[in-house]
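Spelled out, the chains give:
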Amino acid sequence: MSHFAVAAVGADRPGIASAVTGVFVRQGCNLEDTSMSILRGHFSMMLIVHGPDTLSAAALEDALAGPARELDLVVAVRAIDDTVPLSPGGERWELSVYGCDRPGIVHRVTTLLAGENINIVDLSTRVIGEAAQPVYAMLLEVTLPPGVDPEALDERLGQLAGELGVDWSLHPAEADIL
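A. Seen up close, the pairing of strand E3 (residues 42-51). With seven of 10 residues buried, E3 is to be regarded as a mostly interior element. Strand direction decides the pairing type here: strand E1 (residues 2-11) and E3, joined by 10 bridges, are antiparallel. What sits directly across from Ala-7, in E3, is Met-46. Sheet topology note: the strand E2 (residues 30-39)/E3 ladder contains eight bridges and is antiparallel. Pairing of Asn-30 across the sheet is with His-50, part of E3. Between E2 and the antiparallel strand that follows it, E3, lie two residues; Arg-40 among them carries a positive phi value of about 50°.

B. Inspection of a negative patch on the surface at higher detail. Taken together, the side chains of Glu-32, Asp-33, Asp-53, Asp-81 and Asp-82 make up a negatively charged region of the molecular surface. By the element assignment, Asp-53 lies in the loop between E3 and helix H2 (57-71).

C. View of the pattern of salt bridges. A full pass over the atoms with the stated rule returns three salt bridges. Here Glu-116 and Arg-156 are joined by a salt bridge, their closest N and O atoms 3.0 Å apart. Pair noted here: Glu-116 is in the loop between helix H3 (105-115) and strand E6 (119-128) and Arg-156 is in helix H4 (residues 150-164), with a separation of 40 residues, a long-range link. A relative accessible area of 25% places Glu-116 in the partly exposed class. Residue Arg-156 is classed as partly exposed on the basis of its relative accessible area, which comes to 27%.

D. Geometry of unusual backbone geometry. One non-glycine residue, Arg-40, lies in the positive phi region at around 50°. Along the chain, Arg-40 turns up in the loop between E2 and E3. By relative accessible area, Arg-40 is classed as exposed at 83%. Residue Asn-117 is not a glycine yet carries a positive backbone phi of 60°. Tracing the chain through its elements places Asn-117 in the loop between H3 and E6. Asn-117 sits in the exposed class, given a relative accessible area of 59%.

Criteria and cut-off values
Residues numbered from 1 in each chain as written. Predicted model: local features only at pLDDT ≥ 70, side-chain atom pairs only at ≥ 80, totals over all residues. Heavy atoms only, no water. Buried < 20%, exposed > 50% of the residue type's maximum accessible area, 1.4 Å probe, protein only. Helix = DSSP H or I, 4+ residues; strand = E, 2+ residues; numbered from the N terminus. Pairing = 2+ DSSP bridges. Patch = residues over 30% accessible without salt bridge, like charges linked within 9 Å, V, L, I, M, F, W, Y side chains within 5 Å. Areas by Shrake-Rupley, 256 points an atom, 1.4 Å probe, with all protein chains shown as cover. Salt bridge = Lys/Arg side-chain N within 4 Å of Asp/Glu carboxyl O. Lys, Arg positive; Asp, Glu negative; His and termini not counted. Charge placed at Lys NZ, Arg CZ, Asp CG, Glu CD.

Right under this line is the structure:
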C-alpha cells in the first residue's frame, strides 16, 4: 500500500468532506490521520491516506479533480514515504497565548520554542472577541525534550509575552483521547 498527503481548501459549504472522502473510497483508500477545520470561512483538510500500490499521487489528484471543480477546491496530493518518522520524544505540555492581534506573534513564540528544540505537535489560532477589539488566541501542544526545565521555559515565555503585550499559560497536557 502507498501513502499520500492530501490537502484541500475551499469556501466552507456542506458536502466537501463527503465528496473528497467518497473519492478515497472509490479509489480503495483508507483515511489514517486527518485534520479538518474552518479557517476564516474556508474549509481546510489535511489528510494522510493509505491507498493501493497501483495508485499514484497523480492518479489520486486526477480522481479528486471532479469534486475540486464542482466545489471550487484547491487540492494537492503528494506521495509520502511509508515509514513513519519518529517524532521527538519528551513530555507533552500545552501553551496558550492571548492578546491584542498583531503580526509576528506566531513567529516569535515558535522561534523561542525552536531555539529550545521543543517540538510543536499541534498549533491552532483564532481571532476572537469584538471586531473593534479583536483578541488573538493561540493554542499549542508541544513536546518538551529531556533537559528542558518547564519553569525556566515559563520564565522565557513570560519575558517574550511582555515584549509582545500578550498573556500566556504553560501547563502539562491532559490525557490525549485520540
